[in-house]
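Below are the chains, spelled out letter by letter.
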Amino acid sequence: MCIRDREHMDIAIGEGVPVIVASQGGPQKHIGRAREAGIKWLQVIASPEHAAKAQAAGVDAVIAVGLEAGGHPGPDEIGLQVLVRAVVRRVTVPVVAAGGIADGAGIAAALCLGAAGAQLGTRFLLTPEAGVCDAYKDAVLAAGVADTTLVGRGRSPVRMLRNAFAHDYLAAERGGDAAALDTMFAASSLKQAAFDGDVQGGKVEAGQSAGLIDSLQPAGAVVEQLVAETREALKRVAALAG
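Since we're looking at a predicted model, the values are computed, not measured. (Residues numbered from 1 in each chain as written. Predicted model: local features only at pLDDT ≥ 70, side-chain atom pairs only at ≥ 80, totals over all residues. Heavy atoms only, no water.)

Engineer: Explanation requested: the nonpolar core in the structure shown.
Structural biologist: In summary, soluble globular proteins display a tendency toward joint burial of nonpolar side chains. In terms of nonpolar packing, the biggest core is built from 19 residues, with Ile20, Trp41, Ile45, Val62 and Val87 touching the most fellow members. Contributing elements (two or more residues each) for this core: helix H1 (5-14), strand E1 (19-22), helix H2 (31-36), strand E2 (40-45), helix H3 (48-57), strand E3 (61-65) and helix H4 (80-90). In contact with Ile20, other than residues within four places in its own chain, are Met9, Ala12, Ile39, Lys40, Trp41 and Leu42. Core analysis: the next-biggest nonpolar cluster, separate from the first, contains 16 residues, Ala102, Leu125, Cys133 and Val199 among them. (Core = buried A, V, L, I, M, F, W, Y, C linked by side-chain atoms within 4.5 Å. Buried < 20%, exposed > 50% of the residue type's maximum accessible area, 1.4 Å probe, protein only. Helix = DSSP H or I, 4+ residues; strand = E, 2+ residues; numbered from the N terminus. Contact = heavy atoms within 4.5 Å.)

The structure is reproduced here in structure tokens:
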């Protein structure tokens, strides 16, 4: 959690927040307060080792984020299918699968891998309710499955759309000038793209699942569609097994 983590915990407890989803560091520092307040704690992880540490700290569930995810996937670059299986075999707490899931078939696949649920980010980014600007949504909606890339390997890897910044950064990465890379990486931000509309110079964070999404729909309609698709996919699996 960040430098203002104690203040954020005070607010969460005061507002009666029922669930905390945390990443960037272990839960040990604040999970005791969450427990006392009756708050469920889900820890984002990207390796079986981190999942085991989170379970030992007392979390209620872990969210396993695969390489396909937008934003910050794990530095080990493990795909979701392998990661979920490895984590499910390592811990007994519920595992939520995240990364590369955009429809009910993806949710059903995660359940078949042993996950207890799924987290979808890019799918809900492409809804009217999402707070990013229209230029950001338009860019993600136009993306295909091969239109994202990882920048910042060895630093803080980010999966984002291939744009002018990503092109220049990856070219500089091949040059190997660490100082220049640090400067370039810091000069581009998510805010620049998400709120200022600079979808060429900013970091347009999105997962590979962007290529599976072809429409902007209200969040409620997305949920209804996901439920129907998941049920249909699980019926197909049951029929194959039957």
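And the narrative resumes.
Engineer: Would you mind showing me how to read the environment of Gly207 here?
Structural biologist: Within the fold, Gly207 resides in the loop between helix H10 (190-194) and helix H11 (219-241). Considering only alpha carbons, one finds Gly207 and Ile107, 100 residues apart in sequence, at a separation of 15 Å. Apart from the residues lying within four places of it in its own chain, the contact partners of Gly207 are Glu68, Ala69, Gly70, Thr122, Thr148 and Arg159.

Engineer: What is the right way to read the sheet that holds E1 from this model?
Structural biologist: Backbone hydrogen bonds are what pair the strands of a sheet, in a parallel or an antiparallel way. Strand order across the open sheet formed by five strands is E1-E2-E3-E4-E5, with parallel pairing between neighbours. In the strand order of this sheet, the two ends are held by E1 and strand E5 (117-119), each with one partner. Within this sheet the neighbouring strands show an average axis-to-axis angle of 25°, counted without direction. In this structure, E1 lies alongside E2, joined through four bridges in parallel fashion. Paired with Ala22 across the bridge in E2 is Gln43. (Pairing = 2+ DSSP bridges. Axes fitted to C-alpha atoms, helices over the stretch in contact; angles between N-to-C directions.)

Engineer: How should I be thinking about helix H8 (residues 164-175) in this particular structure?
Structural biologist: Because each turn of an α-helix spans 3.6 residues, side chains separated by three or four positions in sequence point in the same direction. Relative to the 16 Å expected for twelve residues at 1.5 Å per residue, H8 spans 17 Å between its end C-alpha atoms, a close match to the ideal helical length. Every buried residue of H8 is listed here: Phe165, Ala166, Tyr169 and Leu170. Down the axis of H8, the buried side of the element spans an arc of 120°, and every buried residue falls inside it. Exposed residues pointing more than 90 degrees away from the buried face of H8 are listed as His167, Arg174 and Gly175. Of the surrounding secondary structure, the elements contacted by the buried residues of H8 are strand E6 (148-151), strand E7 (158-161) and helix H9 (178-187). Phi for Gly176, located one or two positions after H8, is positive at around 80°. (Expected span 1.5 Å × (residues − 1). Arc of directions from axis to C-beta.)

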